[in-house]
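A structural walkthrough
Single-letter residue listing:
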Amino acid sequence: MNLGVFRGSGQADQVTQYETWLGRPVTHVLDFVGAQPFDSTTPWATIDAPNWTFNQWAGTRWQLVMSVAALPNKNFSLAAGARGDYDARWRKFAVAAVAHGGADTILRPMWENRVKNFPWYAGGQEQTYAACFRRFVTVARSVPGQRFRFDWCVLAGGGINAEASYPGDDYVDIIGLDLYDSGGRTTLTGAKRWEWKRTGPYSLDWHKRFATKHGKPRSFPEWGVVDIGHGGVGDDPYYIEQMVAWVKASDVEYACYFEVNARDGAHRLMPGAWTNFPKSAAKLRALMAA
């Protein structure tokens, strides 16, 4: 099982601490460029000047998965990106990534495109999103020395026509799904809740079918339990157990646990502030030791 983790932007030392806590090494690390998509004034420099972030991971033993906002805030549009208005910005990002040790990075542009607060929200403009994604990939691939792979990653649940936003097989190397223990039907628990995660809109079964149809490996760039106050069910070792089993039994390239407490939900299993999931933590450590 290629287990990965997000421990904060550029936090290589925190990944090492996580490995010690987990009792085994991880293979992948997740990070973000332009990681404030909810803000309305985030500058281009958070995207096209990623030198510091890539420097933190350069030379480490983990495979880097970099989430790339591509549009810094809502003053910029998918349509403009699709017609080439931001090519120079995206090329600057890709050049910097290669120059600072990130030539082999898995790039995850414009992730979770059904989130309405993201500048790249695809609802009602799915084909424009797909065209913008293709343009970003084309620009990034034009940079000498790059060996990028591209993860098209949706967020489980309805709200948009996710399949209509697919950029096409020539532009996607991995098909990702972010699947937290939250959203819809929070009154369900245990096996009934997992059944919803498996069969609900754009969830596990769909992910497997769609990736198989397109001949692409699958990923889970973000997964984790969620505190009750942010739409989750809290401490849920059953979800942990089922996710690990699903990943182990499937053609999944990597799965990154979201080991931070973010402003839109707490997920952290390691000891520390806001740690409210002792049963889930114990379950994950036990499964990794098995």
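The text that follows walks through the structure, step by step, so that each part is easy to find. Just so you know, the residues in each chain are numbered from 1, in the order the chain's sequence is written. Totals for whole chains, interfaces and linings use all residues, but because this is a predicted model, local features are given only for residues with pLDDT of at least 70 and pairs of side-chain atoms are given and counted only at 80 or more. With hydrogens and water stripped out, all remaining heavy atoms of the structure feed into the side-chain values.

Here we look at unusual backbone geometry
- Backbone geometry at A70 places phi at a positive 70°, although glycine is not the residue there.
- Following the sequence through the fold, A70 ends up in the loop between β3 (63–68) and α4 (78–82).
- In this structure A70 comes out as buried when scored by relative accessible area, which is 0%. Here a helix means four or more residues in a row that DSSP labels H or I, a strand means two or more in a row labelled E, and each is numbered from the N terminus. For every residue, the accessible area (1.4 Å probe, protein chains only) is compared with the maximum for its type, and the residue is labelled buried under 20%, exposed over 50%, or partly exposed between those bounds.

A closer look at the packing of helix α9 (residues 237–249) against helix α10 (residues 278–289)
- For the pair α9 and α10, interaxial distance at closest approach is 8 Å and the crossing angle is 30°. On the basis of their axis angle, the class for α9 and α10 is roughly parallel. As for the relative orientation of α9 and α10, their crossing is right-handed in sense. Between α9 and α10, the residues in contact are P237, I240, E241, V244 and K248 and K279, S280, K283, L284, L287 and M288, respectively.
- Per-class residue counts for the contact of α9 with α10 are 6 nonpolar, 1 polar and 4 charged. Angular values range over 0 to 180 degrees, each being the angle between N-to-C directions of two axes fitted as lines to C-alpha atoms, with helices fitted over their stretch in contact. For classification, angles of less than 35 degrees are called roughly parallel, those exceeding 145 degrees roughly antiparallel, those between 65 and 115 degrees roughly perpendicular, and all remaining angles oblique. Less than a right angle of anticlockwise turn of the near helix away from the far helix marks a crossing as left-handed, whereas a clockwise turn marks it as right-handed. Working rule for contacts: check all heavy atoms of both residues, and any pair within 4.5 Å makes them a contact. Ten residue types, Ala, Val, Leu, Ile, Met, Phe, Trp, Tyr, Cys and Pro, are classed as nonpolar, four, Asp, Glu, Lys and Arg, as charged, and the remainder, Gly among them, as polar.

Considering the nonpolar core
- Here, nonpolar core refers to any group of buried Ala, Val, Leu, Ile, Met, Phe, Trp, Tyr and Cys residues whose side-chain atoms link them within 4.5 Å. Counting 95 residues, the largest nonpolar core has Y18, W90, W120, W152, F220, W223 and L284 as its most contacted members.
- The biggest single contributor to this core is helix α6 (residues 126–141), with 7 residues.
- Sequence-distant contacts of L284, that is, excluding residues within four places in its chain, are made with Y18, L22, W223, I240, V244 and L269.

A word on the pattern of salt bridges
- Think of a salt bridge as a Lys or Arg side-chain nitrogen and an Asp or Glu carboxyl oxygen that are within 4 Å of each other. Summed over all chains, the structure comprises 13 salt bridges.
- When the shortest N-O distance is used, the salt bridge between R108 and D178 registers 2.9 Å. Here R108 is found in strand β4 (residues 106–109), whereas its partner D178 is found in strand β6 (residues 174–180), with 70 residues between them in sequence.
- Relative accessible area serves as the criterion here: at 0%, R108 is assigned to the buried category.
- The partner of R193 in a salt bridge is D181, with the nearest N and O atoms 2.9 Å apart. Separated by 12 residues along the polypeptide, R193 in helix α7 (residues 190–199) and D181 in the loop between β6 and α7 bring together distant segments of the chain.
- Of the residues examined, R193 reaches a relative accessible area of 1% and is grouped as buried.
- We classify D181 as buried; its relative accessible area is 1%.

Let's talk about the pairing of β4
- Going residue by residue along β4, you find I106 and R108 tucked away on one face and L107 and P109 tucked away on the opposite face as well.
- Pairing between two strands requires that DSSP report at least two bridges joining them. Where β3 lies against β4, 4 bridges are found, and the strand directions are parallel. The residue of β4 that forms the bridge with V65 is I106.
- Think of it like this: strands point away, you trace from the first strand over the helix to the second, and a clockwise trace means the crossover is right-handed. In this fold, β4 hands off to α6, which returns the chain to strand β5 (residues 149–155); that crossover is right-handed.

Points about the sheet that holds strand β1 (residues 3–6)
- Spatial ordering of the closed barrel is given by β1-β2-β3-β4-β5-β6-β7-β8, a layout of 8 strands whose pairing is parallel. Adjacent strand axes in the sheet meet at a mean angle of 25° when their direction is disregarded.
- Note that strand β7 (residues 218–224) and strand β8 (residues 252–258) share 4 bridges and pair parallel. Pairing of S219 across the sheet is with Y254, part of β8.
- Those strands touched by helix α8 (residues 204–214) are β5, β6 and β7, and its axis lies near 175° from that of β6.
- Seen against the sheet, α9 touches β6, β7 and β8 and runs at an angle of roughly 170° to β7.

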